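Chain by chain, the residues:
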Amino acid sequence: MDSAGQDINLNSPNKGLLSDSMTDVPVDTALAAQTPAVEGLTEAEEEELRAELAKVEEEIVTLRQVLAAKERHCAELKRKLGLSALEGLKQNLSKSWHDVQVSNAYMRTSEKLGEWNEKVTQSDLYKKTQETLSQAGQKTSAALSTMGSAISRKLGDMRNSATFKSFEDRVGTIKFPQ
């Protein structure tokens, strides 16, 4: 069988041709003939097995050619669709994450965490803690706001003071002699 010129892709012409880089190691029939037959086989059985072996190896070569053609065709379709390896990786990760989310273990864990969350958020201790922290946050915010206003007012007062103006004039004269 001449595999280099054979079109084995049934859907498209010339897609089954092998590239020069893809080669197979053929069976060395001379070496096979020298190999002693397994005990208990007749010459006819041995010849039949060797013929079957050659046929299977030929099928393997054909299947490799078909696979190579399909891979090239797949790559061409992906190129035409603008799909990249990164896009494929994103799709694989998305599918894997979806598979995790629909798994029994994930569903049971999610259900259990939901139950715990419900119990915790409905407890009196949680409600009291939440209320206390909320009040503390409001008071802290008010205190910081008041403190910021006071500091800003004091800095403004200080800047307008006679001492600061005198100091500012002296620093200005040292820096920029007139």
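The rules we used
Residues numbered from 1 in each chain as written. Predicted model: local features only at pLDDT ≥ 70, side-chain atom pairs only at ≥ 80, totals over all residues. Heavy atoms only, no water. Helix = DSSP H or I, 4+ residues; strand = E, 2+ residues; numbered from the N terminus. Contact = heavy atoms within 4.5 Å. Areas by Shrake-Rupley, 256 points an atom, 1.4 Å probe, with all protein chains shown as cover. Salt bridge = Lys/Arg side-chain N within 4 Å of Asp/Glu carboxyl O. Phe/Tyr/Trp six-rings, centres within 6.5 Å; stacked < 30°, edge-to-face > 60°. Buried < 20%, exposed > 50% of the residue type's maximum accessible area, 1.4 Å probe, protein only. Patch = residues over 30% accessible without salt bridge, like charges linked within 9 Å, V, L, I, M, F, W, Y side chains within 5 Å. Axes fitted to C-alpha atoms, helices over the stretch in contact; angles between N-to-C directions. Nonpolar A, V, L, I, M, F, W, Y, C, P; charged D, E, K, R; others polar. pLDDT = per-residue confidence, 0-100.

### Quick notes on the overall build of the protein chain
And then number 1: When its secondary structure is counted, the protein chain shows six helices and zero strands.
And then number 2: Listed N to C, the secondary structure of the protein chain is α-α-α-α-α-α in terms of helices and strands.
And then number 3: Contacts in the protein chain between residues at least 24 apart in sequence constitute 51% of all its contacts with a sequence separation of at least 6.
And then number 4: Accessible area of the protein chain: about 15400 Å², with a carbon and sulfur share of 59%.

### A short note on the pattern of salt bridges
And then number 1: In this structure the tally under the stated criterion is four salt bridges.
And then number 2: Here R50 makes a salt bridge to E46, at a shortest N to O gap of 2.7 Å. Within this pair, R50 and its partner E46 are both found in helix α2 (residues 43-81), separated by four residues, close to a single helical turn.

### Details of the packing of aromatic side chains
And then number 1: Summed over all chains, the structure comprises one aromatic pair.
And then number 2: Note on W97 and Y106: the rings are 6.0 Å apart at their centroids and 80° apart in plane angle, and the pair reads as edge-to-face.
And then number 3: Judged by relative accessible area, W97 falls into the partly exposed class, the value being 48%.
And then number 4: Taking relative accessible area as the criterion, Y106 reaches 33% and is therefore assigned partly exposed.

### What to know about a nonpolar patch on the surface
And then number 1: Taken together, L144, M147, I151, L155 and M158 make up a surface patch of nonpolar side chains, about 500 Å² in accessible area.
And then number 2: Here M158 is to be found in helix α5 (residues 124-159).
And then number 3: Of the residues examined, M158 reaches a relative accessible area of 44% and is grouped as partly exposed.

### Some details on the packing of helix α4 (residues 104-122) against α5
And then number 1: In contact at an axis separation of 5 Å, α4 and α5 are set at 65° when each is read in the N-to-C sense. Contact residues: V120, T121 and Q122 in α4; D124, Y126 and K127 in α5.
And then number 2: Of the residues in the contact of α4 with α5, the class split is two nonpolar, two polar and two charged.

### Thoughts on the confidence of the model for the protein chain
And then number 1: For the protein chain, the average pLDDT comes to 81, and 75% of its residues sit at 70 or higher.
And then number 2: Ranking the elements of the protein chain by mean pLDDT puts helix α1 (residues 29-34) last, at 54, and α2 first, at 94.
And then number 3: Residue range residues 1-7 is modelled with pLDDT below 50. Its contacts to residues more than four positions away, or to other chains, number 15 contacts.
And then number 4: The low-confidence segment residues 15-23 (pLDDT under 50) makes 20 contacts with residues lying over four places distant or belonging to another chain.

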